[in-house]
Amino acid sequence: KVLVIGACGQLGSELTHELGKLFGNEQVIASDISQPNKAIEAFTFERLDVMNRELIDTIIKKHGITQIYHLAAILSAKGEENPQWAWNLNMTGLLNILEAAKDHKLNKIYWPSSIAVFGPTTPRVDTPQHTVMDPNTVYGISKLAGERWCEYYHNKYGVDVRSLRYPGLIGYKSLPGGGTTDYAVDIYHKAIAGEDFTCFLSEETVLPMMYMPDAIKATIDLMEAPAEKVKVRSSYNVAALSFTPVELANSIKRRYPDLKMDFAPDFRQKIADSWPDSIDDSEARKDWGWQESYDIDQMSDDILENLPKYFGK
Ligand code: VAH
């Protein structure tokens, strides 16, 4: 049985469905600190605070869990509002899961890292898999430390933990929560609603991004790859798209030509400025055959086609 922790989140709610398609809904247990939402009503649900080690053990034993996708974390922007809480939740949560994996001899663990592990002195273009990493957000610091712990538990205890450094994730089935890349989701809702869009990043801000179906594909491809192919046990660089808010708006204007956008950079600009423009993911492509499917216009067409239906507009 697979336990998804953070199943109500932007990634979790979509990944839970895909895991249900792969293994059967009855094989997937959804959990979150919040009440279950409509998106995961087809799944057995457990309220779970990932800070509660005893409850983690109870749920693992109760359902016979053999794999955990641990997605619960405080993201970059939200983490800056409460650094100690974000550090404590992100780190204690991960360490609880790594310890549980060791103690219960779980088959596999998935834990997401992020391009937020890179910082101002990291090479910005085609950022390599192994490079200088000086993150300056609590979220990025917790993801960098988390990567080190994942590799440590793999090397010392043989825990089969796997991880991806996600770029900004863009989907229409769930709203993001507290990220710096959330503008790229909000803009689609505004375009369809016929409302003007104010972007909280400047017009020339280039960021690595990925459409949610590609992020799900990368995650499951990595988790289903034979263990011997998974050579990076900190976290793999993965990439798909890199664009500025203007390039994204132009992609949307092919179908919503009246979209108006202005710019009001806020505290998230400093966070975005510390992250790379583009990522070198050649190791993921070599080791387990990573290959994205969507370019920026295919992503926009898919979202603009489905978002109105999905939100019953
Ligand atoms: C965030 N969406 O903005 C997340 C992600 C690379 C960005 O880590 O914090």
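Residues numbered from 1 in each chain as written. Predicted model: local features only at pLDDT ≥ 70, side-chain atom pairs only at ≥ 80, totals over all residues. Heavy atoms only, no water.

K.L.:
Can you walk me through the packing of helix 4 (residues 83-103) against helix 5 (residues 138-157) in this structure?
P.N.:
Here helix 4 crosses helix 5 at 15 degrees, and the two axes come no closer than 10 Å. It follows that helix 4 is roughly parallel to helix 5 by the angle criterion. The way helix 4 lies across helix 5 gives a crossing that is right-handed. Here helix 4 contributes Pro83, Ala86, Trp87, Asn90, Met91, Leu94, Leu95, Leu98, Glu99 and Lys102 to the contact with helix 5, which in turn contributes Val138, Tyr139, Ile141, Ser142, Ala145, Gly146, Trp149, Cys150, Tyr153 and Tyr157. Grouping the amino acids of the contact of helix 4 with helix 5 by side-chain chemistry returns 15 nonpolar, three polar and two charged. (Axes fitted to C-alpha atoms, helices over the stretch in contact; angles between N-to-C directions. Helix = DSSP H or I, 4+ residues; strand = E, 2+ residues; numbered from the N terminus. Parallel < 35°, antiparallel > 145°, perpendicular 65-115°, else oblique. Left-handed = near helix turned anticlockwise from the far one by under 90°. Contact = heavy atoms within 4.5 Å. Nonpolar A, V, L, I, M, F, W, Y, C, P; charged D, E, K, R; others polar.)

K.L.:
Honestly, a nonpolar patch on the surface in this entry has me stumped. Any pointers?
P.N.:
Taken together, the side chains of Trp149, Tyr152 and Tyr157 make up a nonpolar region of the molecular surface, amounting to roughly 290 Å² of accessible area. On the accessibility criterion, tyrosine 157 (37% relative accessible area) is partly exposed. (Patch = residues over 30% accessible without salt bridge, like charges linked within 9 Å, V, L, I, M, F, W, Y side chains within 5 Å. Areas by Shrake-Rupley, 256 points an atom, 1.4 Å probe, with all protein chains shown as cover. Salt bridge = Lys/Arg side-chain N within 4 Å of Asp/Glu carboxyl O. Buried < 20%, exposed > 50% of the residue type's maximum accessible area, 1.4 Å probe, protein only.)

K.L.:
Quick question: what am I supposed to make of the packing of aromatic side chains here?
P.N.:
Ring pairs (aromatic) are described by centroid distance and by the angle formed between their planes. Enumeration according to the criterion identifies twelve aromatic pairs in this entry. Consider the rings of tyrosine 152 and tyrosine 153, whose centres lie 6.1 Å apart with planes at 65 degrees: the pair is edge-to-face. Relative to phenylalanine 200, the ring of tyrosine 183 has its centre 6.2 Å away and its plane inclined at 90 degrees; by these criteria the two rings are edge-to-face. Of this pair, tyrosine 183 sits in helix 6 (residues 183-193) while phenylalanine 200 sits in the loop between strand 10 (197-199) and strand 11 (207-211), and the two are 17 residues apart along the sequence. The exposure class of tyrosine 183 is buried, given its relative accessible area of 0%. The aromatic ring of tyrosine 157 is capped on one face by lysine 102, whose charged end is 4.9 Å from the ring centroid. (Phe/Tyr/Trp six-rings, centres within 6.5 Å; stacked < 30°, edge-to-face > 60°. Lys NZ or Arg CZ within 6 Å of the ring centre and 35° of its normal.)

K.L.:
Would you take a moment to explain the sheet that holds strand 9 (residues 168-170) for this structure?
P.N.:
Strand order in the open sheet formed by three strands is 9-11-13, with mixed pairing between adjacent strands. What marks the edges here is a single partner per strand, and that holds for strand 9 and strand 13 (241-243). Between one strand and the next, the sheet's axes are offset by a mean angle of 40 degrees, whatever the strand orientation. When strand 11 meets strand 13, the two strands line up antiparallel, connected through three bridges. Across the sheet, residue proline 208 finds its bridge partner in strand 13, namely serine 242. Packed onto the sheet, helix 6 meets strand 9, strand 11 and strand 13 and runs at close to 25 degrees relative to strand 9. (Pairing = 2+ DSSP bridges.)

K.L.:
What should I look at first to understand the site of the ligand in this one?
P.N.:
Residues in contact with the ligand, as listed here, are Leu75, Ser76, Ser114, Ile115, Tyr139, Tyr166, Pro167, Gly168, Gly179, Thr180, Thr181 and Trp275. Contact distances for the ligand include 2.6 Å between an oxygen atom and a side-chain N or O atom of serine 76. Within the contact set of the ligand, a nitrogen atom lies 3.1 Å away from a side-chain nitrogen or oxygen of threonine 181. Considered on its own, the ligand offers 280 Å² of accessible surface; in the complex 95% of this is hidden by protein. Considering only residue class, the shell around the ligand consists of six nonpolar, six polar and no charged. (Near = heavy atom within 4 Å. Polar contact = N/O pair within 3.5 Å; in protein donor to acceptor, adjacent residues only side chain to side chain.)

K.L.:
Looking at this structure, I do not really get the UniProt feature "domain: NAD-dependent epimerase/dehydratase" (unreviewed entry) in the chain. What am I missing?
P.N.:
In this structure's numbering, the residues bearing the UniProt feature "domain: NAD-dependent epimerase/dehydratase" (unreviewed entry) are residues 2-239. Annotated as 40% helix and 17% strand, the span residues 2-239 places its first and last C-alpha atoms 26 Å apart. (UniProt positions renumbered as here; feature names shortened; annotations may be inferred.)

K.L.:
Can you help me understand the sheet that holds strand 6 (residues 113-114) in this one?
P.N.:
Pairing between sheet strands relies on hydrogen bonds along the backbone, with the strands arranged either parallel or antiparallel. With respect to topology, three strands assemble into an open sheet ordered 6-8-12, the strand pairing being parallel. Each having just a single partner strand, strand 6 and strand 12 (236-237) make up the two edges of the open sheet. With two bridges connecting them, strand 6 and strand 8 (residues 164-166) associate as parallel partners. Bridge pairing links serine 114 to tyrosine 166 in strand 8.

K.L.:
Where do I start with the pattern of salt bridges in this structure?
P.N.:
In a structure, side chains of opposite charge can pair up when their charged atoms sit close to one another. Taken as a whole and assessed by the stated rule, the structure comprises 21 salt bridges. For lysine 62, the salt bridge goes to glutamate 46, with nearest N and O atoms at 2.5 Å. In this pair, lysine 62 sits in helix 2 (residues 53-63) while glutamate 46 sits in strand 3 (residues 44-47), placing the two residues 16 residues apart along the sequence. Under the relative-accessibility criterion, lysine 62 is labelled exposed at 57%. Between aspartate 103 and arginine 53 there is a salt bridge; the shortest N-O distance is 2.7 Å. Taken together, the residues span a long stretch of sequence, with aspartate 103 in helix 4 and arginine 53 in helix 2 at a distance of 50 residues.

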